[in-house]
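Coordinates in review
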Amino acid sequence: MPLSTARISPSGRGLLLAATGHRRGVAIAAAIAGALLLFLLWPSAASAAGVDEETAFVLNTLSFLIFGALVMWMAAGFTMLEAGSVRTKNASTICMKNLGIYSIAGLAYFVIGYNLMYVDVGDLIGSVTFFYGPSADEIALIDGQDAASRVIATPYSSMSDWFFQMVFVATTASIVSGALAERARMWSFFVFTLVLTAVIYPIVGAWTWGGGWLDEMGFQDFAGSTIVHGTGGWAALAGAIIVGPRRGKFAPDGSVRPTPPSSVVIVTLGVFILWFGWFGFNGGSQLALGSALDVVAMSIVLVNTNLAAAAGVLAALVASRPIFGRMSLLAALNGGIAGLVSITAGPDITEPLWAIMIGAVGGVICTGGIWLLERLRIDDVVGAVPAHLFAGIWGTLAVSIAAGGDLITQLVGVVAIGAFVFAVSLALWRLIDMTVGAHVTPEVERIGQDVGELGLEAYPEFLLMPEPEWDSDADADADADADADADADAD
């Protein structure tokens, strides 16, 4: 008959419960000790206890979804980075553009982009079909049919793969936004974003990750130094050339007008968000989480990613003094991004010292690239081209140094992707400029895109101060064209 504690005094009941708890603790400890003894005496038993097929399917799918959500969070990082880099009169437009980028990229990649990149890919392009969805077996499983064995025969669910790939597309377009901030027309930019995410990026992806001609050559780009960041960088460079600089950025005597960010704090926050999201960007690109090998490899990827970013920050900070004549926080922030971009092509290297070297060189290249673009009179508001394109090229070529890639193959990939993306982007931006216009009017640029295009100020309590007149030759031509248009309208 079981012992009842209902009539035992409180002190006695406490002693009884303590004794019972002690016996349970001893039993649990004995069980753990027995299990350890079993694994020590029969090692084969431990090695046989692997992850079954369904568990691997679940872990792989979950990793895509979680890491994809981390990469999606990078959209917030780009928004903060850009909104803090521009003047307050353009901050609302930056928010709208980044919200539009993510929305357009998601729809475009769902309608046609993924199919072009991954479905029935030949040497150059995938399937020109519309829409993507779960497989027939997955739908059958959801409908209650016995299809689990067929579903888990694949490494992960269809839509988890689509989601993970889609957030990379949005990252590519975000790179362009920062470079063209404060003067690109919003709807013109959205048109370019649509073509970039629906066609240009998926074709580059088909050549590489989709199994196309560059993949067959042995081109290596683990998470997209060239495929993602190089594509975005080339598109941004083409846009910066066609759209032109901000009014007054470059004086006729060749001097550069300083345009300090409206909030260094927000820029710094944006960089930290991007750094955090990059763990999903590179870590998730392991594309599996169903074995000890995958977990070990992913750990190495995350550590190398962090080391490269840190090295990029410090190297850029040191390089900023001889290049700019001062220690520059903005150079350091861009150096961190450049370090991340540089290691993205080969974060799976097993020697972390290489990650530090690759990230440091990327930070120096980025800092020098910012100076070079200003000398070439190319206006890049956030330093997107040096951080993503220049550092991306370096990181892709560095794969041949540290990660076993072939230098010629890597170089062919960089040149082919660069030539394709830059040529198509340049032509598209030119077409946009000739039809609807790429650069905002002088008046909109003067009062800010927030009021001129959105009618919504980000900081309405701030007083908009007139800026000093410092017109470049290009500004004078733009003013003359605007006056001519006004006279024509009056006639």
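Notes on the structure in this doc start here. Quantities reported herein were computed from a predicted structural model and do not represent experimental measurements.

Digging into a nonpolar patch on the surface
A grouping of Leu62, Leu65 and Ile66 is seen on the molecular surface, where their side chains present a nonpolar patch of about 260 Å² in accessible area. Tracing the sequence through the fold places Leu65 in helix H3 (residues 53-85).

A few points about the packing of helix H13 (residues 329-343) against helix H15 (residues 384-402)
Between two packed helices, what matters for the description is the angle formed by their axes and the separation of those axes. Interhelical geometry of H13 versus H15 gives an angle of 40° and a closest axis separation of 8 Å. As judged from the angle between their axes, H13 and H15 are oblique. Between H13 and H15 the crossing geometry is right-handed. In contact with Asn334, Ile337, Ala338, Val341 and Ser342 of H13, H15 contributes Ala387, His388, Ala391, Gly392, Trp394 and Gly395.

Focus on the pattern of salt bridges
For side chains of opposite charge, pairing can occur when their charged atoms come near one another. Overall, the coordinates contain 5 salt bridges when judged by the stated rule. Linking Arg246 and Glu182 is a salt bridge whose minimum nitrogen-to-oxygen distance equals 2.6 Å. With Arg246 in the loop between helix H10 (225-243) and helix H11 (264-283) and Glu182 in the loop between helix H7 (158-179) and helix H8 (186-207), the pair connects residues that are 64 residues apart, well separated along the chain. In this structure, Glu443 and Arg446 form a salt bridge, with 2.9 Å as the shortest nitrogen-oxygen distance. In this pair, Glu443 and Arg446 are both assigned in helix H17 (residues 442-447), 3 residues apart and thus about one turn of the helix distant. Its relative accessible area of 42% is what places Glu443 among the partly exposed residues. The network of salt bridges with shared partners includes Arg87, Glu182, Arg246 and Asp379.

Procedures and definitions
Residues numbered from 1 in each chain as written. Predicted model: local features only at pLDDT ≥ 70, side-chain atom pairs only at ≥ 80, totals over all residues. Heavy atoms only, no water. Patch = residues over 30% accessible without salt bridge, like charges linked within 9 Å, V, L, I, M, F, W, Y side chains within 5 Å. Areas by Shrake-Rupley, 256 points an atom, 1.4 Å probe, with all protein chains shown as cover. Salt bridge = Lys/Arg side-chain N within 4 Å of Asp/Glu carboxyl O. Helix = DSSP H or I, 4+ residues; strand = E, 2+ residues; numbered from the N terminus. Axes fitted to C-alpha atoms, helices over the stretch in contact; angles between N-to-C directions. Parallel < 35°, antiparallel > 145°, perpendicular 65-115°, else oblique. Left-handed = near helix turned anticlockwise from the far one by under 90°. Contact = heavy atoms within 4.5 Å. Buried < 20%, exposed > 50% of the residue type's maximum accessible area, 1.4 Å probe, protein only.

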